[in-house]
Amino acid sequence: MGVLTKMNGTCLIFGILFLIAGIVFFVGKFHIHMSAWKKMPEDEKATVNIKPLCHNIGLVIMLCGVIFLASGIWSTFKTNFFAWSMIGWMVVCAADLVYIERGKRYKIEPK
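Read on for an overview of the structure. (Residues numbered from 1 in each chain as written. Predicted model: local features only at pLDDT ≥ 70, side-chain atom pairs only at ≥ 80, totals over all residues. Heavy atoms only, no water.)

1. Some points on the state of the cysteines
Tallied over the full model, the rule gives zero disulfides. No disulfide involves Cys93; its sulfur sits 7.5 Å from the nearest other cysteine sulfur, which is in Cys64. (Disulfide = S-S within 2.5 Å.)

Following this line, the structure appears as structure tokens:
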């Protein structure tokens, strides 16, 4: 098994893992197992609009999975576009974090 083939297999495995993790997060089945969520006071949990937040984070994780899958399937993608795609993904993540923090979409105002 050559180095290129091992790398393709590794990218495919990472792609599948990230896709599964993104889907599980997207449907809202993962955040309940996170220690930060478990330790958060109930009154603070009540101010978080968790469903769209999980959709957002799930999509970002799935995007990473798609990049890894494309890298594992097409060697041309890996050699020409993988690094730039991951840099772009990091920029998207940073912009998404700013959007989450500053936006009001994921906050519920107390009544």
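2. Things to note about the packing of aromatic side chains
Evaluation of the coordinates by the stated rule reveals seven aromatic pairs. The interplanar angle of 45 degrees and the centroid separation of 5.6 Å between the aromatic rings of Phe14 and Phe68 together place this pair among those described as tilted. With a gap of 54 residues between them, Phe14 in helix α1 (residues 3-26) and Phe68 in helix α4 (residues 50-73) connect regions that are remote in the sequence. Since its relative accessible area comes to 14%, Phe68 is described here as buried. Ring centres of Tyr99 and Tyr106 lie 6.1 Å apart, and the angle between their planes is 90 degrees; this geometry places the pair in the edge-to-face category. On the accessibility criterion, Tyr99 (42% relative accessible area) is partly exposed. Judged by its relative accessible area of 5%, Tyr106 is buried. (Phe/Tyr/Trp six-rings, centres within 6.5 Å; stacked < 30°, edge-to-face > 60°. Helix = DSSP H or I, 4+ residues; strand = E, 2+ residues; numbered from the N terminus. Buried < 20%, exposed > 50% of the residue type's maximum accessible area, 1.4 Å probe, protein only.)

3. Structural notes on the nonpolar core
Note on soluble globular proteins: their nonpolar side chains tend to be buried together. By size, the foremost hydrophobic cluster in this structure holds 11 residues: Cys11, Val60, Cys64, Ile67, Phe68, Ala70, Phe77, Phe82, Met86, Trp89 and Cys93. Put simply, the parts of the chain that give this core at least two residues each are α4 and α6 (82-102). For this core, the leading source of residues is α4, giving five residues. In contact with Phe77, not counting residues within four places along its chain, are Ile67, Ala70, Ser71, Phe82 and Ser85. (Core = buried A, V, L, I, M, F, W, Y, C linked by side-chain atoms within 4.5 Å. Contact = heavy atoms within 4.5 Å.)

4. Description of the packing of α4 against α6
Look at α4 against α6: their axes get within 10 Å of each other, and the N-to-C directions meet at 175 degrees. Here α4 lies roughly antiparallel to α6, going by the angle between them. Of the residues in α6, those touching α4 at Leu53, Asn56, Ile57, Val60, Leu63, Cys64, Ile67, Phe68 and Ser71 are Phe82, Ser85, Met86, Trp89, Cys93, Asp96, Tyr99 and Ile100. Across the contact of α4 with α6, the residue classes tally to 13 nonpolar, three polar and one charged. (Axes fitted to C-alpha atoms, helices over the stretch in contact; angles between N-to-C directions. Parallel < 35°, antiparallel > 145°, perpendicular 65-115°, else oblique. Nonpolar A, V, L, I, M, F, W, Y, C, P; charged D, E, K, R; others polar.)

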